[in-house]
Structures are given as C-alpha cells and as structure tokens.
Amino acid sequence: MIEQILTGGNLLQAMHQVQKNHGSAGVDRMPVTKLSELMAIDREALVESIRSGKYLPQPILGVDHCLLLELLYRRIKCRETMRLIRKWLRAPMCINGKLCKRRKGMPQGSPISPLLSNILLNELDRELERHELRFVRYADDFSIYAKTEAEA
C-alpha cells in the first residue's frame, strides 16, 4: 500500500488537489503555491525518509486516536502505512506559537486530515442511520436534523 501512496503520479495528483483547493499554509507558513518548487527539489528525499521510517511530520495546527486507529487497523494491513498515520496523529500542535505534544484529537491541516475525518465520520453516518435521523454530510461538514431537542 505504501508504495502506491509514494508513486510520483499519486504525489503529483495530491499536490495538484491541494493547490486546486487553495489549501492553507501550515505552521511553516509556506503557501501552497510553493509546493511545486518544493516537490521538484525534495520529493525523492521525502519518499526515502518515509520508506526508511525516518519521516517526521512537521508540527500542525491543532476525536480519540484509539477509536480511529482501531477503525484503520481493520482495513489497513500495511505496517509502514500505519506507522506513517500514527506519526501524523502524534505530530505536535502549534498553540500560540509553542509546540505541544498531542496524544489525542485529530490533526487539523495535515495532508491526511480529510481522510482521517471521513473514516471517523463514516461511523457517525452509520450511527445516525441506525437511529433513523436525517443528516447531510459533505466531507467533514455535516448537519443533523431532529424533530426535538431530546432526539438530537
């Protein structure tokens, strides 16, 4: 699985998607418009650091890791992919300019945030359907419709 993730075409497609969505700069304040330049220079080094297990996500701007990891373990059998996901989940948060350790919560603004949010929110979808509640969800934005406050 990790080899499919690390193909040049996949990395290029991911970069173009971030640029198309006008993604925000991270803690490093690098605008997405500079991604092409960075990938041209550092792509092979990035891929090799991931393959060798030495990749460390940069701090990111900041739902329960155990639950999320359990959902992931059911589907992902690639140890390297899971190791990379755990690293992203544990990347330090930047709060008021200071780095803080994180052992719970979801990373906001990391490259993997949309995927992790959708994996977890699919469980919410199933639970809402089980309770026959009406809802609308697009990516990680959602609205739940209930007749009474108690039902909500």
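Structure: above.
First things first, this report covers the structure right here in the doc. (Residues numbered from 1 in each chain as written. Predicted model: local features only at pLDDT ≥ 70, side-chain atom pairs only at ≥ 80, totals over all residues. Heavy atoms only, no water.)

Moving on, we get to the pattern of salt bridges. In this structure the tally under the stated criterion is six salt bridges. The salt bridge partner of D125 is R137, with a shortest N-O separation of 2.8 Å. With D125 in helix α6 (residues 113-130) and R137 in strand β4 (residues 134-138), the pair connects residues that are 12 residues apart, well separated along the chain. Since its relative accessible area comes to 13%, D125 is described here as buried. Taking the shortest distance from any N to any O, the salt bridge between R130 and E127 comes out at 2.6 Å. With R130 and E127 both in helix α6, this residue pair falls three residues apart, about one helical turn. (Salt bridge = Lys/Arg side-chain N within 4 Å of Asp/Glu carboxyl O. Helix = DSSP H or I, 4+ residues; strand = E, 2+ residues; numbered from the N terminus. Buried < 20%, exposed > 50% of the residue type's maximum accessible area, 1.4 Å probe, protein only.)

A few words on the nonpolar core. With 24 residues, the main nonpolar core has L72, I85 and L116 as its most contacted residues. The dominant element in this core, judged by the number of residues it contributes, is helix α5 (residues 79-89), at five residues. Beyond its immediate sequence surroundings of up to four residues, L72 is in contact with M82, I85, L116 and I119. (Core = buried A, V, L, I, M, F, W, Y, C linked by side-chain atoms within 4.5 Å. Contact = heavy atoms within 4.5 Å.)

The next subject is empty space enclosed by the protein. By volume, the largest cavity is sized at about 60 Å³. As for the largest cavity, its lining consists of I2, S49, I50, G53, Y55, E80, R83, L84 and K87. Broken down by secondary-structure element, the contributors of at least two residues to the lining of the largest cavity are α3 (35-51) and α5. Among the residues making up the lining of the largest cavity, the classes are represented as four nonpolar, two polar and three charged. (1 Å grid on protein atoms, 1.4 Å probe; cavity = no way out; pocket = protein on both sides within 12 Å on 5 of 7 lines; lining within 4 Å. Points joined across faces, edges and corners; volume = space filled by probe spheres on them. Nonpolar A, V, L, I, M, F, W, Y, C, P; charged D, E, K, R; others polar.)

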